[in-house]
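One-letter residues, chain by chain:
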Amino acid sequence: MKELSADVIIYGGSLGGTLAAYSAAKTGRRTFLFAESDWIGGQLTVQAVPPDEHKFIEETGCTASYRAYRKKVREHYRSHPYIIDSLKNKDYFCPGGSTVSRLAHPPKLALKLLMEMLEPFLASGTLKVFYSSLLKRAEVCGDEIRALYIVCPEEEYRVTGKYYLDGSDEGELIYESGCEYTSGAESREETGEPSAACLANSSDRQPVTWTLAFADRRKGDFVIERPREYEYFRRLIQPYDKYPVLSMYGPDSATGKAKRFGMYDGEMDEAGKRLFGLFTYRRIVCAAHFKDEYEPYDVTLLNWPQNDYFMGNTFDSENDAENREAARQLTLSFFYWLQTEAPREGGKGYPFFCPDGEIVGTENGLTKSYYVRESRRIKADFTVRENEISPEGNLAFFDSVGVGSYPIDLHITTVTHSFFYKPSKPFTIPLGAFIPVRMKNLLPACKNIGTTHLTNGCFRLHPTEWNIGEAAGLLAAYSLDYGVSPREIRNDKNKLKNFQEFLISNGIQLYW
């Protein structure tokens, strides 16, 4: 076993974990990032989720580095030799022509741009990234982590550091370190949230979704092998309505009822009502944006209401591995159904839908990992509740380390099969949500901060997770530079003011 040591150790290559590594290394602190995959970037890359963003994003409401990233995405397209003339000088456009995102683009491009951000620190040796890592255990003494035991393909390491950040999408370091945490749904009595459940249930969580990328080839036959569990999912009925899971009906989170979808924009139902087109929903390549047939086919991502896996969980359950595979089988089954049985004008099935593995870095078009909406969440000095981020609440925390904006949006949960949707006003991200109630040198760095089941629903999106990771890396570095703990920073007015000025100098927007 090889011994390694650095100032800041980050386990987990999520979007937040990646930005924690970037920001810690930027301060000059020696930083290690252990990514579970052979890609970094979490929901932006490994899970292939186009950026979900708030309506103010083009002007305000994110960190400087996130804004620079968005600018680089569009510059990539503006400078493309085959881009159509109308986009060359356009300030704002969605590369993929998606209806869910203002900036939908391929995961491989996201990976390229993230690696370019890290490159100066990789080149200088300030940052080192380890891929395909597995955390075996944490060595803990009292309230502090002393070391992590991590297995990588080439070596097994005992890793020591001064601060340990959990950048994993499911809170693996939180779990292995014995840090107090919560998961699933809290009760109204526990949190005081008016919309919380009557009874707490730690297993009732938002679903994971295993995404699949595919191109619309318009003709040809690219039907995949019949998935092993196809007949099971074909017979399965939605728990919230009467329709089969494999159908053009999927849940509408705003109502909790089934909604009929179309495949392409402009399709109508029998009553002449326009249907929501699923293909453009998460489209990441728009062929119409290129000249000379450079990109002859549109590419989209199968991360739709129908393939949210609502039948079980992927951590802290007795059958985590089985549920991961079942989520994978659901997506494959739904895609096979689309290719062979989905109703369409003039027949059934879309056999010309072709899996696109190249765009997500796999052979079969399935993403490298499943999309995680809800992680283990630390029990923190301050927990953000519905009361604070609802339109009637206090949206500006005194200890803000960033900003966010998104409705509370909960997809179908895994036990009660419930939904929830509630608007919120733009909010701030409190430092108190980063501070574990007991552990002294552990920090959350993604969707594992001190939120509730409800408020996680609006803190889990790309700009906010990016901000959380960036703030976590800067917090660890600042604490080391000035010999103060995160709790001391929060509880001392002058220390907090100095830290917030440090954040501002590093491009963090603290208030709206």
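For the structure itself, consult the block above.
None of the values given here were measured: they were computed from a predicted structure. (Residues numbered from 1 in each chain as written. Predicted model: local features only at pLDDT ≥ 70, side-chain atom pairs only at ≥ 80, totals over all residues. Heavy atoms only, no water.)

With respect to helix H13 (residues 493-505)
Its 13 residues place the ends of H13 18 Å apart at the C-alpha level, agreeing with the 18 Å of an ideal helix rising 1.5 Å per residue. Residues of H13 that are buried include every one of Leu496, Phe499, Gln500, Phe502 and Leu503, and no others. Down the axis, H13 shows its buried residues gathered within 150° of arc, on one side only. The exposed set on the far side of H13, more than 90 degrees from its buried face, consists of Lys493, Asn494 and Ser505. Check the buried side of H13 and you find it contacts strand S22 (400-404), helix H11 (462-482) and helix H12 (486-491). With a side-chain oxygen positioned 3.0 Å from the backbone nitrogen of Asn494, the residue opening H13 is Asp492. Gly507 sits one or two residues past H13 and shows a positive phi near 85°. (Helix = DSSP H or I, 4+ residues; strand = E, 2+ residues; numbered from the N terminus. Expected span 1.5 Å × (residues − 1). Buried < 20%, exposed > 50% of the residue type's maximum accessible area, 1.4 Å probe, protein only. Arc of directions from axis to C-beta. Contact = heavy atoms within 4.5 Å. Polar contact = N/O pair within 3.5 Å; in protein donor to acceptor, adjacent residues only side chain to side chain.)

Structural notes on the side chain of Asn506
Mapped onto the secondary structure, Asn506 falls in the segment after H13. Non-local contacts of Asn506, meaning those with residues more than four positions away in its chain, are made with Lys26, Glu470 and Leu474.

Here we look at the packing of helix H1 (residues 15-26) against H11
One way to put it is that H1 packs onto H11 with a least axis distance of 7 Å and a crossing angle of 35°. Regarding H1 and H11, the two cross each other, and that crossing is right-handed. Between H1 and H11, the residues in contact are Leu15, Gly16, Leu19, Ala20, Tyr22, Ser23, Ala24 and Lys26 and His462, Glu465, Trp466, Gly469, Glu470, Gly473 and Leu474, respectively. A breakdown of the residues in the contact of H1 with H11 according to their chemical character gives seven nonpolar, five polar and three charged. (Axes fitted to C-alpha atoms, helices over the stretch in contact; angles between N-to-C directions. Left-handed = near helix turned anticlockwise from the far one by under 90°. Nonpolar A, V, L, I, M, F, W, Y, C, P; charged D, E, K, R; others polar.)

Some thoughts on the sheet that holds strand S12 (residues 249-252)
Sheet strands line up and pair through hydrogen bonds in the backbone, either parallel or antiparallel. On the basis of which strands lie adjacent, the open sheet formed by three strands has the order S12-S13-S14 and mixed pairing. Here the strands that pair on one side only, and so sit at the sheet edges, are S12 and strand S14 (276-277). Relative to strand S13 (residues 257-262), S12 is paired through four bridges, and the arrangement is antiparallel. From the neighbouring strand, Gly250 faces S13, where its bridge partner is Lys259. (Pairing = 2+ DSSP bridges.)

Regarding the pattern of salt bridges
Taken as a whole and judged by the stated rule, the model has 37 salt bridges. Here Asp7 ties to Lys162 by a salt bridge, and the two come within 3.3 Å at their closest N and O atoms. Residue Asp7 is located in the loop between strand S1 (2-5) and strand S2 (8-11), and its partner Lys162 is located in the loop between strand S7 (155-160) and strand S8 (163-166); the two are separated by 155 residues in the primary sequence. By relative accessible area, which is 45% here, Lys162 ends up partly exposed. What you see here is one network of salt bridges that share partners, running through Arg226, Glu231, Arg234, Arg235 and Glu341. (Salt bridge = Lys/Arg side-chain N within 4 Å of Asp/Glu carboxyl O.)

Brief notes about the nonpolar core
When a protein is soluble and globular, its nonpolar side chains tend to lie buried together. Counting 79 residues, the largest nonpolar core has Leu165, Leu431, Phe434, Phe459 and Phe499 as the members making the most contacts within it. Among the elements that make up this core, the one with the highest residue count is H11 (nine residues). Those residues in contact with Phe499 that lie beyond four places of it in its chain are Val401, Leu431, Leu474, Leu475, Tyr478 and Ile489. Counting 40 residues, the second-largest nonpolar core is a separate cluster that includes Phe214, Tyr281, Tyr336 and Val372. (Core = buried A, V, L, I, M, F, W, Y, C linked by side-chain atoms within 4.5 Å.)

Let's talk about H11
Here H11 contains 21 residues, and its C-alpha end-to-end distance of 30 Å stays within 8% of the 30 Å for a straight helix at 1.5 Å per residue. Taken across its 21 residues, H11 has 19 buried, putting it largely inside the fold.

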